[in-house]
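Architecture at a glance
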Amino acid sequence: MKKTKSLRREAVDYEKLYEETIKELHDGESSSAFANALKQFDRAAETLKLTNNQVAVIKDPRRVVQVKLPVRMDDGSIKIFKGFRVQHNIARGPAKGGVRFHPDVNEDEVAALAFWMTYKCAVVNIPFGGGKGGIVVDPRKLSMGELERLARRYFAEMMDIFGPERDVPAPDVNTNPQIMAWFMDTYSMHHQNYIPGVVTGKPIDLGGSQGRNSATAQGMVHCVHKAADYFKMDLKGTTVAIQGYGNAGSFAARLLAKDGCIIKAISDVDGAFFSDKGIDPENACQYVEKNGSLINYDKAAKVKKIADPMKLLELDVDILIPAALENQITHKNADKVRARIIAECANGPLTTEADDIMEKKGTFIIPDILCNAGGVTVSYFEWVQNRMGYYWDEDRVLDELKRYMDKAFDDVLRTSIHYNVPMRTAAFIVSIQRVTRAAELRGLYA
Ligand code: GLU
């Protein structure tokens, strides 16, 4: 395939974008995920007393790429899609982060997600920077062939952006191991070489890692165990509500049920469901496998349908797990959230205003950049295995994951106690220190 030219754009002035968004606050809160991310950064930067120079080097994205993706549809017509990749920071290693396929994808969101990846990789101390990508598409409306052509075109357009030493994508919302296999093949064919390390989250048969599928949820469970130890809580009989039943949410439900937790409610785009006795997560997974989503699950499993799915967030449960999209808990509903612990499997599910309300109520939040870092941690193991050409068994992956997650949780908790700040600010303090040190040691190229 011929090398194609990307439609590069000049770097956006993110400081200005941030200021404008703040000015545009509608009824007291911004809906910009990126503005929310920067507010989180500012809180930690203030505690750390970072200089203007330090902030200038690590706060904004390093590179923003937008591409036009023409795809031939099954009926012969050509449809144009829009794709993004943002590399936020590469001081500590190649950019790392997923690619999502969703109709609401936009530059602001991808920039926020890339930003969180920088600090997520730093908080678990794996040698990567942060990146994220996305395509504006509802993949449910595409055939398998159309999906493959779209995925391959995206990777081809980004050929000079990605690379095992440059930028390594992975699955995210609505993307999966098959899509990663197409990405890997497109890159490998172009370079006339077998290059599995260009992407993680691949199928096991193509250099994927054992344990990658359940890694995000497994990492979250390690954090929940640590939090339960800290609060001397017995997980047996602990009640849980989970928003989102994709990869992270469905594994979270199964793993926590094994610990004796009662999964009181689950939801996805097609509805939210509740059972006082507890939902059987295995049964729900089989249902999704068969029907594509939880649609009409109430009838099949004799559970209650929650009329307004957002009410799932307000249920009287011990642990709430947002495992869907950003900005789910805002100043509008934070007051009504009753869980004692929020374990953020999704990226950015709470706004800073919601954070402040939860903080006043004494809710313990395990922040996204720590709580869902298990996925990228096992991605790191996959990349290491690809480069070694030597593959680990599942026990080794799970042991190493536990070691990384436990250490990260301890670092963040210790920092939270030391500075007397919430866990989120503490996670940023730990990670900002690591990124700043790397950036300063490298200095400026010219
Ligand atoms: N998309 C996942 C995340 O948000 C995983 C990224 C990766 O494995 O690179 O953390």
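Residues numbered from 1 in each chain as written. Predicted model: local features only at pLDDT ≥ 70, side-chain atom pairs only at ≥ 80, totals over all residues. Heavy atoms only, no water.

Thoughts on the pairing of strand E8 (residues 271-274)
For the record, the criterion: Think of it in three bands: residues with accessible area under 20% of the maximum for their type are buried, residues over 50% are exposed, and the middle band is partly exposed, with areas taken using a 1.4 Å probe on protein chains only. Every helix listed is a DSSP run of H or I at least four residues long, and every strand listed is a run of E at least two residues long, numbered separately from the N terminus. A strand pair is defined by DSSP finding two or more bridges across the two strands.
Neither face of E8 is left uncovered, since the one carrying Gly271 and Phe273 and the one carrying Ala272 and Phe274 both have all their residues buried. Looking at chain direction, strand E7 (residues 262-268) and E8 are connected through four bridges and run antiparallel. Directly across from Ile266, in E8, lies its bridge partner Phe273. Where E7 hands over to E8, the hairpin turn is made up of two residues, counted between the paired strands. Relative to strand E9 (residues 304-306), E8 runs antiparallel, the two being bridged by three bridges. Bridging across to E9, Ala272 finds its partner in Ile306.

Observations regarding the nonpolar core
How we decide: The definition of a nonpolar core used throughout is a set of buried Ala, Val, Leu, Ile, Met, Phe, Trp, Tyr and Cys residues joined through side-chain atoms within 4.5 Å. The split into domains, and so the bounds of each, comes from an automatic or database assignment of domains.
Counting residues in hydrophobic clusters, the biggest one holds 93 residues, and the most contacted among them are Met220, Ile321 and Ile366. Two domains each donate at least three residues to this core, and these are domain 1 (5-12 + 61-205) and domain 2 (215-371). Val65, Val67, Trp182 and Val198 belong to the second largest nonpolar core, which has 29 residues in total.

Notes on the packing of helix H4 (residues 107-123) against helix H15 (residues 423-442)
To keep it simple, the criterion reads: Whenever a helix is involved, its axis is fitted only over the stretch in contact; in every case the axis is a line through C-alpha atoms, and angles between N-to-C directions fall within 0 to 180 degrees. Put simply, angles under 35 degrees are roughly parallel, angles over 145 are roughly antiparallel, angles from 65 to 115 are roughly perpendicular, and the rest are oblique. Only heavy atoms enter the contact rule, under which two residues are in contact if any of them lie within 4.5 Å. Lys, Arg, Asp and Glu make up the charged group, whereas Ala, Val, Leu, Ile, Met, Phe, Trp, Tyr, Cys and Pro make up the nonpolar group; the residues left over, Gly among them, are polar.
Close contact between H4 and H15 brings their axes to 8 Å; oriented N to C, the two are set at 90 degrees. One way to sum up the angle between H4 and H15 is to call them roughly perpendicular. Side by side, H4 and H15 meet where Phe115, Trp116, Thr118, Tyr119, Ala122 and Val123 of the first sit next to Ala427, Phe428, Val430, Ser431, Ile432, Arg434 and Val435 of the second. Its residues assigned to classes, the contact of H4 with H15 shows ten nonpolar, two polar and one charged.

Structural notes on the site of the ligand
This is how the line gets drawn: We call a residue near a molecule or strand as soon as one heavy atom of that residue lies within 4 Å of the molecule or strand. Whenever a nitrogen or oxygen atom comes within 3.5 Å of another N or O atom, the pair is scored as a polar contact, on the condition that within protein one atom can donate a hydrogen and the other can accept it, and that pairs from neighbouring residues in sequence are kept only if both atoms are in side chains.
Surrounding the ligand, one finds 14 residues, the nearest of these being Lys96, Lys120, Lys132, Asp172 and Ser379. In the model, an oxygen atom of the ligand is placed 2.9 Å from a nitrogen or oxygen of the Lys132 side chain. For the ligand, an oxygen atom lies 3.2 Å from a polar atom in the side chain of Asn347. Mapped by element, the contributors of at least two residues to the shell around the ligand are strand E3 (95-102), H4, strand E5 (167-171) and helix H13 (374-388).

Regarding the domain arrangement of the protein chain
A common way to state how big an interface is: give the accessible area lost once the parts meet. Cut-off, in case you're wondering: Buried area adds together the accessible area that both of two parts lose upon being put together, with accessible area traced by a 1.4 Å probe. Salt bridges are defined by distance alone: a side-chain nitrogen of Lys or Arg within 4 Å of a carboxyl oxygen of Asp or Glu.
Partitioning the protein chain into domains gives domain 1 (5-12 + 61-205) and domain 2 (215-371). Each of domain 1 and domain 2 was reduced to a C-alpha centroid, and the two centroids are 28 Å apart. Residue-level contacts link twelve residues of domain 1 with ten residues of domain 2. Around 900 Å² of area is buried between domain 1 and domain 2 when both sides are counted, 58% of it from carbon and sulfur atoms. Ranking the residues of domain 1 by area buried against domain 2 places Trp116, Lys120 and Arg140 at the top, with a combined share of 48%. The interface formed by domain 1 and domain 2 includes two salt bridges.

Examining the packing of helix H2 (residues 33-48) against H15
Selection criterion: Crossing handedness follows the turn of the near helix against the far one: under a right angle anticlockwise gives a left-handed crossing, and clockwise gives a right-handed one.
Across the interface, H2 lies against H15 with an axial gap of 9 Å and an inter-helix angle of 70 degrees. The orientation of H2 with respect to H15, classified from their angle, is roughly perpendicular. Along this stretch, H2 crosses H15, giving a crossing that reads as right-handed. On H15, the residues touching Gln40, Phe41, Arg43, Ala44, Ala45, Thr47 and Leu48 of H2 are Arg424, Thr425, Phe428, Ile429, Ile432 and Gln433. Grouping the constituent residues of the contact of H2 with H15 by class yields seven nonpolar, four polar and two charged.

Description of helix H11 (residues 352-361)
Here H11 has its buried residues at Thr352, Glu353, Ala354, Asp355 and Met358. Packing partners of the buried residues in H11 comprise H2, strand E11 (341-343), strand E12 (364-366) and H15. Just beyond H11, the residue with positive phi is Gly362, at close to 80 degrees.

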